[in-house]
Amino acid sequence: MSDWPDDQGGGRGYGRGSGNSQPEGARAMRHIQRGRPSSPAGPPPGGVPQQSGYDDGYDQPRGNGQPYGDARDEVFEPRAARQDPYGQNQNQGYDSGYNTGQVYGRPGAGDGGGPGGDGRPARAPRPAPNWRKRIKWTAITLVSVLLVTSVITYFWADSKLKREVDLSKVIERPDGGDGTNYLIVGSDSREGMTAEDKKKLHTGSAEGKRTDSMMILHVADDGGNTMISLPRDSNVTIPSFKGAESGKLYPNQGRQTKLNAAYAEDGPELLVRTVEYNTGLKIDHYAEIGFGGFAKIVDAVGGVEMDIPKGFKDKKSGADFEAGKQTLDGQQALAFVRTRYALPGSDLDRTKNQQKFLAALASQAATPSTVMNPFKLYPTMGAGLDTLIVDKDMGLMDVASMFWAMKGVTGGDGTSMNMPLAGSTGGNLLWDKAKVKQLVEQLNNDEKVTVSGN
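Residues numbered from 1 in each chain as written. Predicted model: local features only at pLDDT ≥ 70, side-chain atom pairs only at ≥ 80, totals over all residues. Heavy atoms only, no water.

A. Broad picture of the layout of surface pockets. Counted as a void, the largest pocket has a volume near 1400 Å³. If you go around the largest pocket, you meet 49 residues; those closest to its centre are A365, T380, M381, V399 and F403. In terms of residue count, the dominant contributor to the lining of the largest pocket is helix α10 (residues 396-410) (eight residues). Tallied by class, residues from the lining of the largest pocket come to 34 nonpolar, 12 polar and three charged. (1 Å grid on protein atoms, 1.4 Å probe; cavity = no way out; pocket = protein on both sides within 12 Å on 5 of 7 lines; lining within 4 Å. Points joined across faces, edges and corners; volume = space filled by probe spheres on them. Helix = DSSP H or I, 4+ residues; strand = E, 2+ residues; numbered from the N terminus. Nonpolar A, V, L, I, M, F, W, Y, C, P; charged D, E, K, R; others polar.)

B. Just the side chain of S229, in detail. Mapping S229 onto the fold places it in strand β4 (residues 226-229). A polar side-chain atom of S229 sits 2.5 Å from a polar atom in the side chain of Q355. Discounting residues that sit within four places of it in the chain, S229 has contacts with M214, M215, T351, Q355, M417, N418 and M419. (Polar contact = N/O pair within 3.5 Å; in protein donor to acceptor, adjacent residues only side chain to side chain. Contact = heavy atoms within 4.5 Å.)

C. Examining the packing of aromatic side chains more closely. For the structure on display, the rule yields nine aromatic pairs. Between the aromatic rings of F321 and F336, the centroid separation amounts to 5.9 Å while the plane-to-plane angle is 85°, which identifies the pairing as edge-to-face. One end of the pair, F321, is in strand β12 (residues 319-321); the other, F336, is in helix α6 (residues 330-338), and 15 residues separate them in sequence. Members of the aromatic cluster, each reached through a chain of ring pairs, are F294, F312, F321, F336 and F357. Just above the ring of W131 sits the side chain of R134; from NZ or CZ to the centre is 5.0 Å. Here the basic side chain of K316 rests over the ring of Y341, its NZ or CZ set 4.3 Å away from the ring centre. (Phe/Tyr/Trp six-rings, centres within 6.5 Å; stacked < 30°, edge-to-face > 60°. Lys NZ or Arg CZ within 6 Å of the ring centre and 35° of its normal.)

D. Expanded view of the pairing of strand β16 (residues 421-425). By the bridge criterion, three bridges tie β16 to strand β17 (residues 428-431) in an arrangement that is antiparallel. Across the sheet, T425 pairs through a bridge with N428, a residue of β17. (Pairing = 2+ DSSP bridges.)

E. Seen up close, unusual backbone geometry. The phi dihedral of E172 falls on the positive side, at around 50°, and the residue is not glycine. Here E172 is to be found in the loop between β1 (162-165) and β2 (180-187). Overall, the relative accessible area of 58% leaves E172 in the exposed class. Of note, the phi angle at S346 is positive, near 50°, even though the residue is not glycine. Within the element layout of this structure, S346 appears in the loop between α6 and α7 (347-365). (Buried < 20%, exposed > 50% of the residue type's maximum accessible area, 1.4 Å probe, protein only.)

F. Up close: the environment of D221. Relative to the elements of secondary structure, D221 occurs in the loop between β3 (211-219) and β4. Considered as a pair, D221 and D446 are 225 residues apart in the sequence and their alpha carbons are 7.2 Å apart. Setting aside residues up to four positions removed in sequence, D221 forms contacts with D178, G179 and D446. In terms of polar contacts, D221 uses its side chain to reach the backbone amide nitrogen of G179, at 3.2 Å.

G. Molecular detail of helix α11 (residues 433-444). Relative to the 16 Å expected for 12 residues at 1.5 Å per residue, α11 spans 16 Å between its end C-alpha atoms, a close match to the ideal helical length. Buried residues of α11: V436, L439, V440, Q442, L443 and N444, and no others. On the buried face of α11, the contacting elements are β3, β4, α4 (259-279), β15 (415-418) and β17. Among the residues trailing α11, D446 stands out with phi positive, at a value near 55°. (Expected span 1.5 Å × (residues − 1).)

H. Structural context of helix α5 (residues 291-300). In terms of residue burial, α5 counts as a mostly covered element, since eight of its 10 residues are buried. Following α5 by one or two positions, G302 adopts a phi angle in the positive range, close to 85°.

I. Representation of the pattern of salt bridges in the model. Applying the stated criterion across every chain, the model contains seven salt bridges. Here R273 and E172 are joined by a salt bridge, their closest N and O atoms 2.9 Å apart. Here R273 is found in helix α4, whereas its partner E172 is found in the loop between β1 and β2, with 101 residues between them in sequence. Taking relative accessible area as the criterion, R273 reaches 3% and is therefore assigned buried. It is possible to trace a salt-bridge network through shared partners that takes in D233, K258 and R340. (Salt bridge = Lys/Arg side-chain N within 4 Å of Asp/Glu carboxyl O.)

J. Region of the structure containing the environment of G267. Locating G267 in the fold gives a position in helix α4. Judged by relative accessible area, which is 15%, G267 ranks as buried. Each C-alpha atom, one on G267 and one on A244, is 7.7 Å from the other, the two residues being 23 residues apart in sequence.

K. The sheet that holds β1, seen in detail. Strand order in the open sheet formed by seven strands is β1-β14-β9-β2-β3-β4-β15, and the pairing between neighbours is mixed. Bordering the open sheet on either side are β1 and β15, each of which pairs with just one other strand. The mean inter-strand angle of the sheet, taken between neighbouring strand axes irrespective of direction, is 25°. Judged from the five bridges that link them, β2 and strand β9 (residues 285-289) form a sheet pairing that is parallel. Bridge pairing in β9 links Y182 to H285. Each of β2, β3 and β9 is contacted by α5, which is oriented at about 75° to β9, the strand it contacts most. (Axes fitted to C-alpha atoms, helices over the stretch in contact; angles between N-to-C directions.)

This is the structure in structure tokens:
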């Protein structure tokens, strides 16, 4: 029926137009055994090498018990013999890459080591992160940054100290005892203040400067710090002294006057000389801050909360407070610590308010929200150090020691008191000499203070 000749010899026909009654799908290509050439005659003419047989693994028998393919096909190799994952028994000819166990995209596929054998080197697996090493170097970096920042901050702050008081000019000084004694002075200095600032803070425009508050802070070697307020109206004797500027020696004339007059007459050096002469206690360091600096510190820390038991007003200081808890800004804080005329105990009540406010200010300045926040810490330090006047031998560590001791004492960790008094004369307050002597002995020996103040 077809023009194509049938296969001679009883074999099945091939190609289109075959007269064989079986469909072409049932006919299979001849399989060639691996490991030996499929034809002893070698490659056919034309130089094309003999191709390896296609082995898809389907060597199970048909349903009729016959293997796939023609009865004349060559015998299939056993499956175990054909499995060769390393290619050691494959022909030297064309390798199709099947049955190698390789997955595309993984190292080792192909002859070149990369996917498809393109010659690219195999990518090494990424090593697991060494977390211990990372944590170590992170910690080292943080410590280094903190160390450098601390050193820079130290020299920056130290350079701001105004070392203007020369205690070597103070003559006839008493012997020192245990611990360190600071004379802390709040002056009414208007240095650096504009006319608007003076009006706002109710400071007036008086020339020169006077002291509004004076305190002795004793920092003991083994704790037990003590702060003693010296009323500005204390009656004292002005001793012999050497002029801070002139160097001229002024003899003791036995003059009795208010303590703050010594400061007004010849500045910090004469004030230190007068305190030492009337108490017998050696002053190791001097620290002074003016009106403007005090108000700036309060504003830098964001204000200070105070609990005022009874409201009061004072036109001279600008104070106008109601009773209860309230946050004072710099202007209000300055009015609070300066007021005395509106208080029943005048200067004695004022010193108590000053100590109370210093406790609140120190606590606010030492909170984590201030210390750990550079946007508050540096303005606070700058505001305080810009107007802080100290003696020539006082370093930044001495300032820090003074601050922490003052914070502890005013916060209840130590003794806070007024100078013991024995009455008054002509409006001036008289010190109780016996109690003052006992107090000084206890301070010099770093003993617990048992003397009571007013």
